[in-house]
Amino acid sequence: MTFVTKKEVCVSLEKYIQDYQLEKIFPRHYFDKLQVRELVAGDAICHQGEALTALSYFAKGKLKIVRRLFNGKEHILDIKEKTTLIGDIELLTDQPIVSSVVALEDTLVIQLPLTGIREELLADNDLLLNLSRGLAQSLYEQNIRASTNLNYTLKERLATHILAIEDKGVFKLELTSLADSFSVSYRHLLRVIHEFIDSGIIEKRRPYYYIKDMKKLINLKITN
């Protein structure tokens, strides 16, 4: 994980303000407090159960959102590639971080540290409006994902997941967590993976899987 220098932050933020419309995320009077972080695969933005120390805007890269269950298993809640704000729920509810957020590849995050300004933020109407819009969008997307689990086959969901996490045709599957996230049995998921292998779509070379037929995989993915 690396931190961008103060001079680089000033230059970068002007570009990010234009590219990502940051004024819709952080009111302009907080821009001087923003920090830019560059992460590599495996770096965590935040950890489940810890206190929130910063609002984080995911600008580019790929993230996974993971929740550790009471039995010690990890449940992958989502894979993120689109820009999103992290920490809004915890800020508003004053609760510990609900899920860990981990980079899957080189990732850029813009953070607003909360030290000394938490109460000020909670009284800022512009920020609260931005947070409420983001939470409403997240709820909308969760509703779509819930209906997706009901209306699409496991093959379609698995193909979509593989395409979201693959890197140059290589990917890894955490089968137990994936079965939990798809709300299917481990055995059912394993059967579908073997169908993909038998059909020549993917192959397994421990500990990774490799995409053999990208076209077939894309044809299986969820398209809406």
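Before reading on, note that the structure itself is shown above.
Here is what the cut-offs are and how they apply
- Residues numbered from 1 in each chain as written.
- Predicted model: local features only at pLDDT ≥ 70, side-chain atom pairs only at ≥ 80, totals over all residues.
- Heavy atoms only, no water.
- Helix = DSSP H or I, 4+ residues; strand = E, 2+ residues; numbered from the N terminus.
- Expected span 1.5 Å × (residues − 1).
- Buried < 20%, exposed > 50% of the residue type's maximum accessible area, 1.4 Å probe, protein only.
- Phe/Tyr/Trp six-rings, centres within 6.5 Å; stacked < 30°, edge-to-face > 60°.
- Lys NZ or Arg CZ within 6 Å of the ring centre and 35° of its normal.
- 1 Å grid on protein atoms, 1.4 Å probe; cavity = no way out; pocket = protein on both sides within 12 Å on 5 of 7 lines; lining within 4 Å.
- Points joined across faces, edges and corners; volume = space filled by probe spheres on them.
- Nonpolar A, V, L, I, M, F, W, Y, C, P; charged D, E, K, R; others polar.

Examining helix α5 (residues 154-165)
Phase 1 of the analysis: Between its terminal C-alpha atoms α5 stretches 16 Å, which fits the 16 Å expected from twelve residues at 1.5 Å a residue.
Phase 2 of the analysis: For α5, the full list of buried residues reads L154, R157, L158, A159, H161, I162, A164 and I165.

Some remarks on the packing of aromatic side chains
Phase 1 of the analysis: Applying the stated criterion across every chain, the model contains three aromatic pairs.
Phase 2 of the analysis: With 5.8 Å between their ring centres and 45° between their planes, Y16 and Y20 make a pair best called tilted. Of this pair, Y16 and Y20 both sit in helix α1 (residues 6-20), separated by four residues, roughly a single helical turn.
Phase 3 of the analysis: Seen from their ring centres, Y20 and Y57 are 6.3 Å apart, and the 70° between their planes marks the pair as edge-to-face. With a gap of 37 residues between them, Y20 in helix α1 and Y57 in strand β4 (residues 54-60) connect regions that are remote in the sequence.
Phase 4 of the analysis: By relative accessible area, Y20 is classed as partly exposed at 22%.
Phase 5 of the analysis: Counting every residue linked through ring pairs, the aromatic cluster contains Y16, Y20 and Y57.
Phase 6 of the analysis: In this structure, R205 is placed above the aromatic ring of Y210, and the distance from its NZ or CZ to the ring centre is 3.9 Å.

Focus on the layout of surface pockets
Phase 1 of the analysis: What the second largest pocket holds in volume is close to 420 Å³.
Phase 2 of the analysis: Along the wall of the second largest pocket there are 21 residues; nearest its centre are K64, L104, I165, F171 and K172.
Phase 3 of the analysis: Elements that contribute at least two residues to the lining of the second largest pocket include exactly β6 (74-80), β8 (100-103), α5 and β10 (170-171).
Phase 4 of the analysis: Of the residues contributing to the lining of the second largest pocket, the split by class is twelve nonpolar, two polar and seven charged.

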